[in-house]
Amino acid sequence: MTADPNAIRQEVIELQLRVAELSTALELVTASRDDLKDAADSLHHELEAAKHHIRIQDQMLSRLRQHIAQGLEL
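Small disclaimer: the values here were computed from a predicted structure and weren't measured.

Parameters and conventions
- Residues numbered from 1 in each chain as written.
- Predicted model: local features only at pLDDT ≥ 70, side-chain atom pairs only at ≥ 80, totals over all residues.
- Heavy atoms only, no water.
- Helix = DSSP H or I, 4+ residues; strand = E, 2+ residues; numbered from the N terminus.
- Rg over C-alpha atoms; globule rule 2.2 N^0.38 Å.
- Buried < 20%, exposed > 50% of the residue type's maximum accessible area, 1.4 Å probe, protein only.
- Lys, Arg positive; Asp, Glu negative; His and termini not counted.
- Charge placed at Lys NZ, Arg CZ, Asp CG, Glu CD.
- Salt bridge = Lys/Arg side-chain N within 4 Å of Asp/Glu carboxyl O.
- Expected span 1.5 Å × (residues − 1).

Engineer: What is the right way to look at the overall build of the protein chain in this model?
Structural biologist: Summing up its helical and strand segments, the protein chain has one helix and zero strands in all. Radius of gyration (C-alpha) of the protein chain: 31 Å, far over the 11 Å computed for a compact globule of 74 residues. Dimensions of the protein chain, computed from C-alpha atoms along their principal axes, come out at roughly 100 × 20 × 10 Å. For the protein chain, buried positions account for 0% of its 74 residues. Seen as two clouds, the 8 positive and the 13 negative side-chain charges of the protein chain have centres 10 Å apart.

Here is the structure:
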């Protein structure tokens with residue numbers, strides 16, 4: 001049983017094309033993942049900043065409630 005050299009050559013070419021397509025797809029997925037990770041990191045920083053702002057506002061509100069409870073003039 002001898003293999004047909006033309007069929008083997010054609011199969012190698014098809015496999016090389018498939019590898020090239022998969023490499024391109026992997027690059028696109030990797031770039032997309034990196035972009036999404038950057039966006040997630042940015043959103044996380046914004047969330048932490050918002051939490052900090054809310055804590056500060058809550059502290060101010062608590063002080064205002066104390067002043068009102070004590071009948072102090074603002």
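After presenting the structure, the write-up continues.
Engineer: Explain the pattern of salt bridges here, please?
Structural biologist: Two side chains bearing opposite charge may form a pair once their charged atoms approach each other closely. Following the criterion strictly, the structure yields four salt bridges and no others. A salt bridge links lysine 51 to glutamate 48, with the nearest nitrogen and oxygen atoms 3.8 Å apart. With lysine 51 and glutamate 48 both in helix α1 (residues 5-70) and three residues apart, this pair spans about one turn of that helix. A relative accessible area of 33% places glutamate 48 in the partly exposed class.

Engineer: Explain α1 to me, please; I cannot follow it from the model alone.
Structural biologist: One full turn of an α-helix is made of 3.6 residues, so residues set three or four places apart face in the same direction. Under the 1.5 Å per step criterion, the end-to-end length of α1 is 96 Å for 66 residues, consistent within 8% with the ideal 98 Å. Taken from the residues just after α1, glycine 71 is the one with a positive phi, measuring 75°.

Engineer: What is the right way to look at the environment of aspartate 58 in this model?
Structural biologist: Within the secondary structure, aspartate 58 sits in helix α1. A residue is classified by how much of its surface remains accessible, and aspartate 58, at 45% relative accessible area, is partly exposed. Taking the C-alpha atoms as reference, aspartate 58 lies 44 Å from leucine 28; in sequence the two are 30 residues apart.

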